[in-house]
There are 2 protein chains.
Amino acid sequence: MKLLKEGSVSFYLFNDVFYNPLAKFSRTFGVLAIYTFSKYVGRGLVVADSFAASGIRGLRYYVESNVVDKIVFNDKNPVAYQNIVYNIKFNKIKDARVFNLNYFVFLPILGRGHFDVIDIDPYGTPAPYIDLAISFVKNRGLIIITATDLTALCGLYPRAAFRKYGSDIIKTDFCHEVALRVLIKELVFAGGRHNRIVLPLASMFSEQYARIYAYVYDGRRDFPKNNLGYIEITNDRCYSVKRVSDSVNKPYIGPLWIGSLHDKEFIEYMIKYVDKLNIEESEYKRLKSLLKLMKEEIELPPYSFKVSKLASKLRVSPPTLIDIIDRLKGMGFKAGRSHLGKDYFKTNAPYHVVLEVLEDLGKK
Amino acid sequence: MKLLKEGSVSFYLFNDVFYNPLAKFSRTFGVLAIYTFSKYVGRGLVVADSFAASGIRGLRYYVESNVVDKIVFNDKNPVAYQNIVYNIKFNKIKDARVFNLNYFVFLPILGRGHFDVIDIDPYGTPAPYIDLAISFVKNRGLIIITATDLTALCGLYPRAAFRKYGSDIIKTDFCHEVALRVLIKELVFAGGRHNRIVLPLASMFSEQYARIYAYVYDGRRDFPKNNLGYIEITNDRCYSVKRVSDSVNKPYIGPLWIGSLHDKEFIEYMIKYVDKLNIEESEYKRLKSLLKLMKEEIELPPYSFKVSKLASKLRVSPPTLIDIIDRLKGMGFKAGRSHLGKDYFKTNAPYHVVLEVLEDLGKK
């Protein structure tokens, strides 16, 4: 048993209970997202930390966001359960409950609509847990899912990817973005099955964590069919997007979400609210810069180009991102950075134009 | 309150509790399927009638098949619950339990692996209920799902179809077969999410009831990716089949199940066992003839041609099915009937050959 500190929370970690210090930043992002969501919907929140381990994520939501009316933890591991009970007492939290149940029992016994927010952070794929959460979260609620099975979601194991996510996934330079987009597709289809609309508010990749923050509400008419489709990889390696109902040529990736990774208004709120919270200096800077990148990528195409890869292919030295983006914008194209990597840019310019720009800038 | 009889079971129907006399034959088929499944897996069965209404389906499974160790009913309507309790007493059934719960609570509280068979017969689409059943049924168990929302599944409302089932569905002459194949696809993908393999044992359409009997077992390697694909409708209205990963041209239907609608061995067992059960004369004949048609269609393509439609298009009088099938077989093609309608045949012959045969036979 160790005493640890993360954000504003001190907590004990029992032996054999999982804790990933690398996910600290993703939890800080989560605190801000929870805070923002509460303002977005104008109410206090009942939050489920449904694969809680030590409970650190839920503890931080409660202590740091100040918008959680009730935090409910669940973990099927009895040692984790004891660990959470201990940490609740240690932090003197009154508005908390803890369960030691299978996930599929935990949500139903609390009833449909009990939770404003359901956070799913399992070991490996979240695919088995999505359908139930989409069905049980409150109308106008929030689902947060984590995926760490990046080998499947990035296309290293296409057969496993198809089996778990129902999509053809080919390995690409921008595979982490594909991972986020396949996850969103799964959320949206689960919504369709339950007469609910799902809208991604924020999608984040960091330290092998893919996380989706998705708004869920009752509805049928708004079903976003046009945002579900394929990314086609044509012979000259130029990407174009096809609707599900358009013709699709091999090789392609999908079906996946081809709409925005984030909701513009929500990201703007997050940027606004980042100063309301008490965030460590180092994370504060990283958070502000991440949110800026997220805002930048919202209206850009669902794929990215990797500078180092293109430069090496063209045998030129890699230009700076700023130079590439400025040049493309000067030519009348959309262009911007991606939060998915420092080496990436997004543009709607055709591939041959992208190559010309890289070649020209690389020579200088 | 009325006293009714169906098969070997007499039962009371309370006011305002749903009962569809037209589904009688589909329930008789179900009794035979349950009996066959018990022999197939070599064990007695714990069966869930999870949308039970009066309980007639589960009562018949128990009384007529003689292979049910325990029958468990559920209905969220309190009047239906009372009705089932009454009918259990009336039929002096000891190995029965009744619940009055939401479906999403009913399955989890009994625990994973409690049921050998989960029967889902809801009002309208079964789409919201598939994921949980696939996850909770016993390894090497049976899922039975009913769909009555044929307007979506047949492609009359393509937007609703895509939202609920994630497939593009175009209205065709063989739309009831498409309905079955889209449902199977949903079961197979739900299996993939839960590390389970799904195999259709029998798929049946009658009286606006689409019913799938599917075997579910733990597994990953056998995931039947090659049986998931699209039915393409090419310019000359000839159908061909594309794998999900092949190129797909518009207009097409899918993704859907393009493998066999039934398991050959299972249908052969059903044919063998139909004499073991005490079935009314009129239904016995219909059942035997249906099973023969099912066996015939097993190895044929995932689409059908409608004789009357083709004959009218060609302005010839409609030939008999036997003549068409004999002719096609004589030419070296596969051909056979479909259980989905008396006016349908299946063949792997190209469309222009089909037209030539119809034209030639129609002239005589």
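Parameters at a glance
Counting of residues starts from 1 at the beginning of each chain's written sequence and follows it residue by residue. Lettering for chains starts from A, numbering for ligands starts from 1, and both go in the order in which the items are written. Only residues with pLDDT of at least 70 are given local features in this predicted model, and only at 80 or more are side-chain atom pairs given and counted; all residues enter the totals for whole chains, interfaces and linings. To get the side-chain values, take all heavy atoms of the structure and skip hydrogens and water. Like charges are joined within 9 Å and nonpolar side chains (Val, Leu, Ile, Met, Phe, Trp, Tyr) within 5 Å, but only among residues with over 30% relative accessible area and no salt bridge; these make up the patches. Computed with a 1.4 Å probe, the accessible areas rest on the Shrake-Rupley method; for each residue, only the protein chains presented here act as cover. Salt bridge, as used here, is a side-chain nitrogen of Lys or Arg placed within 4 Å of a carboxyl oxygen of Asp or Glu. In this text, helices come from DSSP runs of H or I with a minimum length of four residues, and strands from runs of E with a minimum of two, each type numbered from the N-terminal end. By definition in these notes, contact holds between two residues if any of their heavy atoms fall within 4.5 Å. Here's the idea: put two parts together, see how much 1.4 Å probe accessible area each one loses, and the total over both is what we call buried area. Definition of a polar contact: a pair of N or O atoms within 3.5 Å, with one able to donate and the other able to accept a hydrogen when the atoms are protein atoms, and with sequence-neighbouring residues admitted only if both atoms are side-chain atoms. For this classification, the nonpolar set comprises Ala, Val, Leu, Ile, Met, Phe, Trp, Tyr, Cys and Pro, the charged set comprises Asp, Glu, Lys and Arg, and every other residue, Gly included, is treated as polar. Side-chain atoms within 4.5 Å are what join buried Ala, Val, Leu, Ile, Met, Phe, Trp, Tyr and Cys residues into a set we call a nonpolar core. Throughout this description, buried means an accessible area under 20% of the type-specific maximum (1.4 Å probe, protein chains only), exposed means over 50%, and partly exposed covers the range between. Strand pairing requires that DSSP identify at least two bridges connecting the strands. The axes are straight lines fitted to the C-alpha atoms, using for helices just the contacting stretch, and the angles between their N-to-C directions are given from 0 to 180°. All the domain ranges listed were derived from an automatic or database domain assignment.

1. What to know about a nonpolar patch on the surface
Then step 1. Together, Met1, Leu3, Tyr86 and Phe90 of chain A line one region of the surface with nonpolar side chains, adding up to about 390 Å² of accessible area.
Then step 2. In this structure, tyrosine 86 of chain A sits in helix α3 (residues 78–90).

2. Regarding the interface of chain A and chain B
Then step 1. Taken together, the 38 residues of chain A in the interface contact 38 residues of chain B.
Then step 2. In total, about 3400 Å² of surface goes out of reach between chain A and chain B, with carbon and sulfur atoms giving 55% of it.
Then step 3. Area buried by chain A at its contact with chain B is led by Phe162, Arg163 and Arg193 of chain A, which between them contribute 23% of it.
Then step 4. Across the chain A-chain B interface, the total number found is 2 salt bridges.
Then step 5. Between aspartate 168 of chain A and lysine 225 of chain B there is a salt bridge; the shortest N-O distance is 2.5 Å.
Then step 6. One can count 7 residue pairs in polar contact (both at pLDDT 80 or more) joining chain A with chain B.
Then step 7. Mapped by element, the contributors of at least two residues to the side of chain A that touches chain B are α4 (103–110), α5 (127–136), α7 (158–165), α8 (175–193) and β10 (228–233) of chain A.
Then step 8. If you tally residues by element for the side of chain A that touches chain B, the top one is α5 of chain A, at 6 residues.
Then step 9. Within the side of chain A that touches chain B, the residues separate by chemical class into 16 nonpolar, 9 polar and 13 charged.

3. Focus: the nonpolar core
Then step 1. Ranked by internal contacts, the top residues of the largest apolar core, which has 164 residues, are Phe345 of chain A together with Phe345 of chain B.
Then step 2. Setting aside its immediate chain neighbours within four residues, phenylalanine 345 of chain A contacts Ser304, Phe305, Val307, Leu310, Leu321, Ile324, Ile325, Leu328, Gly336, Val354 and Leu358 of chain A.
Then step 3. Counting 54 residues, the second largest nonpolar core, distinct from the first, contains Val17, Leu59, Val68 and Met294 of chain A.

4. Let's talk about the pairing of strand β9 (residues 209–218) of chain A
Looking along a regular strand, one sees side chains alternate from face to face of the sheet.
Residues and elements named next belong to chain A.
Then step 1. Counting buried positions along β9 yields 8 of 10 residues, so the element is predominantly enclosed.
Then step 2. With 7 bridges joining them, strand β7 (residues 141–147) and β9 adopt antiparallel strand pairing. From the neighbouring strand, leucine 142 faces β9, where its bridge partner is tyrosine 215.
Then step 3. Pairing geometry for strand β8 (residues 196–206) and β9, over 10 bridges, is antiparallel. Among the inter-strand pairings, valine 198 is bridged to a residue of β9, identified as valine 216.
Then step 4. Linkage of β8 to β9, two consecutive antiparallel strands, is achieved through a turn of 2 residues, within which glutamate 207 is found at a positive phi near 45 degrees.

5. Examining the sheet that holds strand β5 (residues 96–99) of chain B
Residue and element names in this part refer to chain B.
Then step 1. Overall, mixed pairing links the 7 strands, which are arranged β5-β4-β3-β6-β7-β9-β8 in an open sheet. Of all strands in the sheet, those with a lone pairing partner are β5 and β8 (196–206), marking the two edges. Looking at each pair of strands side by side, their axes are set apart by 15 degrees on average, direction ignored.
Then step 2. Alignment of strand β3 (residues 45–49) against strand β6 (residues 117–120), held across 3 bridges, turns out to be parallel. Of the residues in β6, the one forming a bridge with alanine 48 is isoleucine 118.
Then step 3. Against the sheet, helix α2 (residues 56–65) touches β3, β4 (68–74), β6, β7 (141–147) and β9 (209–218), its axis set at about 170 degrees to β4.

6. Thoughts on the environment of glycine 141 of chain A
Then step 1. With respect to the secondary-structure elements, glycine 141 of chain A resides in strand β7.
Then step 2. Taking C-alpha positions, glycine 141 of chain A is 8.4 Å from alanine 214 of chain A, a pair spaced 73 residues apart along the chain.

7. Notes on the domain arrangement of chain A
Residues and elements named next belong to chain A.
Then step 1. Domain boundaries in chain A define domain 1 (2–284) and domain 2 (304–363).
Then step 2. Residue-level contacts link 15 residues of domain 1 with 11 residues of domain 2.
Then step 3. For the domain 1 and domain 2 pair, buried surface summed over both sides reaches about 970 Å², with 55% attributable to carbon and sulfur atoms.
Then step 4. Scanning the region where domain 1 abuts domain 2 turns up 2 salt bridges.
Then step 5. Salt-bridge contacts for lysine 346 lead to glutamate 177; the nearest nitrogen and oxygen are separated by 2.6 Å.
Then step 6. Applying the counting criterion to the domain 1 and domain 2 interface returns 5 residue pairs in polar contact (both at pLDDT 80 or more).
Then step 7. Only α8 and β8 provide two or more residues apiece to the side of domain 1 that touches domain 2.
Then step 8. Looking at which element gives the most residues to the side of domain 1 that touches domain 2, the answer is α8, with 4 residues.
Then step 9. A per-class count over the side of domain 1 that touches domain 2 returns 7 nonpolar, 3 polar and 5 charged.

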